[in-house]
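Architecture at a glance
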Amino acid sequence: MMGAVVFLIVVVAALYALTQVGGVITLLFVAAALFLAYRRRSLLAFTVTSTALLAAYTVLGATGTPALLWKLFLWLSLAGLWLLNVRALRKALITRPFMKEYLRLLPPMSQTEKEALEAGTVWWDGELFTGAPRWEKLLAARPPQLSAAEAAFLDGPCEELCRMLNDWNITHERADLPPHVWEFLKTRGFFAMIIPKKYGGLEFSAYAHSCVLVKISSRSATASSTVAVPNSLGPAELLLHYGTEEQKNYYLPRLARGEEVPCFALTGPRAGSDAASIPDTGIVSRGIWQGREVLGLKLNFSKRYITLAPVATVIGLAFRMFDPERLLGERTDIGITCALIPRNTPGVSIGRRHFPLNIPFQNGPICGKDVFVPLDFIIGGPAMAGNGWRMLVEQLSVGRCISLPSNTTGAAKAGVWATGAYARIRTQFNLPVGRFEGVETVIARMAGLTYTMDAARSVTAGAIDGGEKPSVPSAMLKYHVTEMGRQVANDAMDIHGGKGIMLGPHNYLGRGYEIVPVAITVEGANLLTRNLIIFGQGAIRCHPFVLREMNAARNPDRTAGVDEFDRALFAHIGFTLSNAVRSFIMALTHARFTRAPVQGATARYYQHVVRFSASFAFAVDVAMLSLGGYLKKKEGLSARLGDVLSCMYLASMVLKHHENQGRQEEDLPVIEWACRNLLYHAQEQLHGFLRNFPNRPLAAVLRALIFPRGRIYSAPGDRLGRSVAALVTTPSDTRQRFGEHVYRALEPGNPLALLEEALQLAVQLEPLEKRIRVEGIKAGKVSALDLPGRIQQALSAGIISETEAAALRDYDRKVMDIVNVDDFEPHELARQAEPAARSSVHVA
Ligand SMILES: Cc1cc2nc3c(=O)[nH]c(=O)nc-3n(C[C@H](O)[C@H](O)[C@H](O)COP(=O)(O)OP(=O)(O)OC[C@H]3O[C@@H](n4cnc5c(N)ncnc54)[C@H](O)[C@@H]3O)c2cc1C
């Protein structure tokens, strides 16, 4: 409404202005200013254009004293603009005093924070901060592909592993993987996907690594968690990047052969999310190692929640290193350090297990009391002492893009695959449940979110293979993919009803549902990741000017610092003004005239991403300028900005994935659902940001420039939901693509394959069921209440043949095998505790 009134006033003013010479020139000036700002032309171009227009106005415009005074005022203002083009003058008059004040307000940054901010690379996330992302950069990237060896591993050992996994036996009866599975994992390279071939590893691409996890997690969460950890942040990864040659040559072949099982211990009872505050210590001291006195570390630590700890043979340990006696140099507080500690080192207590929500992958506490190890046990040797935090954050930027996003996507793909089929074969009220609109909406959400997750994990893995270490996307993927996974798991449970709830060998959903909080919590708990990390890191890391300005202001070479600060500052001002204009114009036009890099059905989504990118970049600058460091404390605001950034990133991944898959026409409803959902969410979060922005007048200005026509972008509708649901509840190419890398070999113990088989039969036999309904039930010849009875009556009445009856009976048996749940004798469920067993609470 407000937008319409403003628009009307502008039109009336413009019409009136067109009747006056001054008005025409003013309109030309406004149009030129908007054009130049939209196209990001230089200050000089703007100054020259303004001079030409003012000259025209001076000659052609009104005469008389007031007009002359007005012209004089305009020329003086223009002179000021010309002065801004003289860099030496502007540096002295504006930049230098401003930089002094800026430096005073700049919060101090510890080395740890600096290292965290500088870790990894800036990729597509950086483009989204510009307000004018260069799509060529994203679209030119090669689609991720598996090599022949990687494809053979997925089809060979990986399928074989899946066949060996009996999840009920693992999760309920044994609370562990069986010994032959452990052996298979160790000896077939599952723990060595990131280790180079020269050390005996598989040296897989990030994409292949991700696909292996997708497949295993479609079968067993316990197995996929077990495989994910040694290939993620931990001893192998740290050794590869920072280890000494001697350490690499010793450990990497042993890890590759499965002779060593690694774990990585950072978290403790007192330091969880705030991992940099670990109280565990390593004191430089002299001690006896293998009979000789050497310089080493005396370690005291208490860690918990450590995956693989109970079975680990080597512990990657993070601790804080001190040198109180200055045995190594002048520094006494050396900082966070990582070392490799063999399990059997005296003083190490290890072996007890935690029980993570019925998903019994190996996880437990580790303690160390006065554990003495030589300095050479530090990863990278004594030279790397104190560099532990940098090592961890650098490696997290890659690992976080792969492990959890892949495991969660695998589970979601299996969930869509299973639920699509189940919703077709399960009938209630004489209809497949998937045909009810309420259920269709939920299936569509599952499919749209899963497509988004799959796109994000595969395109980002492809970027890693192209050399990126995308630290901000890694946080976005960690948070959004696991949250989407949580939604998909809930939806799958809802659609399966009691079938999903009754645990037992026939339940293929329950454990996937139970593991959700684990994915939410590990590798940076989600609340922290959303509220503090995504935008907090993104705002400084990806913004085209903020880090440049900060580094320039802190440059000890003052002259060079002022010079660089001046360039960055004025470019930044132009950038903000340009984004304000771009945001306003694209919001007014609903981005219809924005350039899109492709033609066809998806072009509009590219345009909307660009529009939101401009609005986002503008909002970010205004927020940082007006709130400064307070923005970090206003977690609600920065979380919403982080959501907008993530939604644009994920929508871009969806679009790129669609291109990578050869622009499959049939997938378009899913692409539309995914993009609509993300861009609608971006709009709502931007609106939520404005509603909660503390400076209300500024919020009103922002709202006028970002939403001049209100919030007109709409969420996916019911009709779209129906089209999406149809694609996964019937055998279709889209459904097959959802099933890619899911374990679906047709065998008695694989519910995903049995569901697909039943779905195919359901579609094939639909005409027979229809015949029985029309010629039998409606004609009064068939009155039985269940399918077997109806088949018999239809056969007797000659409505179906003997062969057709047999096919229907076979189908019904298969469906009931899937629909049936387990029951147990009461004693079968109770597990007796060993008399010697005791519970313990570990207190640090
Ligand atoms: C199954 C499992 C396996 C694990 N494996 C390992 C492993 O192998 N090695 C290892 O070192 N660690 C491991 N962890 C530890 C894991 O990384 C931590 O659990 C995680 O970092 C969170 O710490 P916390 O559980 O102590 O939660 P807390 O730090 O106590 O956090 C509690 C809540 O507060 C939120 N929060 C905290 N600070 C903020 C903030 N500033 N803004 C907003 N929200 C905030 C968190 O998001 C969380 O929701 C594992 C944990 C689990 C559960």
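Refer to the structure printed above.
Now for a description of the structure that goes with this document. (Residues numbered from 1 in each chain as written. Predicted model: local features only at pLDDT ≥ 70, side-chain atom pairs only at ≥ 80, totals over all residues. Heavy atoms only, no water.)

Points about the pairing of strand β2 (residues 281-289)
Inspection of the sheet shows β2 paired to strand β3 (residues 292-307) by nine bridges, in the antiparallel sense. When the bridges of β3 are listed, Thr 281 appears paired with Asn 300. One ladder, built from three bridges, connects β2 with strand β4 (residues 314-322); its direction is parallel. Each bridged residue has a counterpart across the sheet, and for Gly 282 the counterpart in β4 is Met 321. (Pairing = 2+ DSSP bridges. Helix = DSSP H or I, 4+ residues; strand = E, 2+ residues; numbered from the N terminus.)

Details of the packing of helix α16 (residues 388-425) against helix α32 (residues 751-777)
Where α16 meets α32, the axes come as close as 9 Å, and the angle between the chain directions of the two elements is 35°. α32 is crossed by α16, and the crossing has left-handed handedness. Residues Ala 414, Trp 417, Ala 418, Ala 421, Tyr 422, Arg 424 and Ile 425 of α16 lie in contact with α32, whose contacting residues are Leu 752, Leu 755, Glu 756, Ala 758, Leu 759, Ala 762, Val 763 and Glu 766. Looking at side-chain class alone, the contact of α16 with α32 contains twelve nonpolar, no polar and three charged residues. (Axes fitted to C-alpha atoms, helices over the stretch in contact; angles between N-to-C directions. Left-handed = near helix turned anticlockwise from the far one by under 90°. Contact = heavy atoms within 4.5 Å. Nonpolar A, V, L, I, M, F, W, Y, C, P; charged D, E, K, R; others polar.)

Regarding the layout of surface pockets
Within this model, the second largest pocket holds a volume of roughly 750 Å³. Lining the second largest pocket are 26 residues, and of these Thr 427, Asn 430, Glu 769, Leu 787 and Arg 790 sit closest to its centre. At the level of secondary structure, the elements contributing two or more residues to the lining of the second largest pocket comprise α16, β8 (427-428), β9 (431-432), α32, α33 (787-796) and α34 (802-819). Considering every element that reaches the lining of the second largest pocket, the biggest residue donor is α32, with six residues. (1 Å grid on protein atoms, 1.4 Å probe; cavity = no way out; pocket = protein on both sides within 12 Å on 5 of 7 lines; lining within 4 Å. Points joined across faces, edges and corners; volume = space filled by probe spheres on them.)

Focus on empty space enclosed by the protein
Tallied over the entire structure, the rule returns four cavities of 30 Å³ or more. Considering the residues around the largest cavity, the lining is formed by Lys 413, Thr 450, Tyr 451, Asp 454, His 657, Gln 661, Asp 667, Thr 734, Arg 737, Phe 738 and Glu 740. Taken together, the residues that form the lining of the largest cavity break down as two nonpolar, four polar and five charged.

Describing the site of the ligand
Around the ligand sit 20 residues in total, of which Phe 264, Leu 266, Thr 267, Ser 273 and Tyr 305 are the nearest. Between the ligand and Phe 264 there is a distance of 2.8 Å, counted from a nitrogen atom to a backbone nitrogen or oxygen. Leu 528 has a polar backbone atom sitting 3.1 Å from an oxygen atom of the ligand. A total of 970 Å² of accessible area belongs to the ligand in isolation, and the protein chains cover 69% of it. Looking at the shell around the ligand, the elements that each hand over two or more residues are β1 (262-265), β3, α21 (516-521) and α22 (526-541). Among the residues making up the shell around the ligand, the classes are represented as twelve nonpolar, six polar and two charged. (Near = heavy atom within 4 Å. Polar contact = N/O pair within 3.5 Å; in protein donor to acceptor, adjacent residues only side chain to side chain. Areas by Shrake-Rupley, 256 points an atom, 1.4 Å probe, with all protein chains shown as cover.)

Description of a nonpolar patch on the surface
Together, Leu 83, Val 86, Leu 89, Leu 93, Ile 94 and Phe 98 give the surface a local cluster of nonpolar side chains, amounting to about 510 Å² of exposed area. Looking at which element gives the most residues to the nonpolar patch, the answer is helix α5 (residues 87-105), with four residues. For Ile 94, the location among the structural elements is in helix α5. (Patch = residues over 30% accessible without salt bridge, like charges linked within 9 Å, V, L, I, M, F, W, Y side chains within 5 Å. Salt bridge = Lys/Arg side-chain N within 4 Å of Asp/Glu carboxyl O.)

Observations regarding the pattern of salt bridges
Enumeration over the complete set of coordinates arrives at 43 salt bridges. In this structure, the salt-bridge partner of Arg 254 is Glu 259, at a minimum N-O distance of 3.9 Å. Salt bridges here are not isolated pairs; linked through shared partners, they connect Arg 87, Arg 90, Lys 91, Asp 563, Asp 566 and Arg 567.

Points about the side chain of Asp 176
Mapped onto the fold, Asp 176 is located in the loop between α10 (167-174) and α11 (179-187). There is no salt bridge for the buried Asp 176, and the closest opposite charge comes from Arg 353, which lies 4.7 Å off by N-O distance. Setting aside anything within four residues of it in sequence, one finds Asp 176 in contact with Ile 170, Trp 182, Arg 353, Pro 360 and Gln 362. (Buried < 20%, exposed > 50% of the residue type's maximum accessible area, 1.4 Å probe, protein only. Lys, Arg positive; Asp, Glu negative; His and termini not counted.)

Remarks on the packing of aromatic side chains
What the rule picks out here adds up to 21 aromatic pairs. When the centroid spacing of 5.9 Å and the interplanar angle of 40° are considered together, the rings of Phe 184 and Phe 190 count as tilted. There is no split in this pair, since Phe 184 and Phe 190 are both buried. Through successive ring pairs, a cluster of aromatic residues spans Phe 153, Phe 184, Phe 190 and Phe 204. Positioned over the ring face of Phe 570 is Arg 90, at 4.0 Å from the centre of the ring. (Phe/Tyr/Trp six-rings, centres within 6.5 Å; stacked < 30°, edge-to-face > 60°. Lys NZ or Arg CZ within 6 Å of the ring centre and 35° of its normal.)

Points about helix α24 (residues 558-588)
Across its 31 residues, α24 extends 44 Å between first and last C-alpha, which sits within 8% of the 45 Å expected from 1.5 Å per residue. The positive-phi residue at the C-terminal boundary of α24 is His 590, with phi of around 55°. (Expected span 1.5 Å × (residues − 1).)

With respect to the nonpolar core
Residues Phe 616, Tyr 649, Met 653 and Ile 800 are the most contacted members of the largest nonpolar core, which totals 124 residues. For this core, the element with the highest residue contribution is helix α25 (residues 603-627), accounting for 14 residues. With sequence-adjacent residues up to four places away left out, Ile 800 is seen in contact with Leu 768, Arg 771, Ile 772, Ile 791, Ala 794, Leu 795, Ala 805 and Leu 808. (Core = buried A, V, L, I, M, F, W, Y, C linked by side-chain atoms within 4.5 Å.)

Concerning the packing of helix α12 (residues 206-217) against helix α17 (residues 437-465)
Where α12 contacts α17, the two axes come as close as 7 Å, and the packing angle between them is 150°. Contacts between α12 and α17 pair Ala 206, Tyr 207, Ser 210, Cys 211 and Val 214 from the former with Arg 457, Ser 458, Ala 461, Ile 464 and Asp 465 from the latter. For the contact of α12 with α17, a count of residues per class yields six nonpolar, two polar and two charged.

So, the environment of Cys 158
Positionally, Cys 158 belongs in helix α9 (residues 148-164). The class for Cys 158 is buried, based on a relative accessible area of 0%. C-alpha of Cys 158 to C-alpha of Glu 672: the two residues are 514 residues apart in sequence and 33 Å apart in space. Look past the residues within four positions of Cys 158 in its chain and what remains in contact with it is Phe 153, Phe 190, Val 212, Lys 215 and Ile 216.

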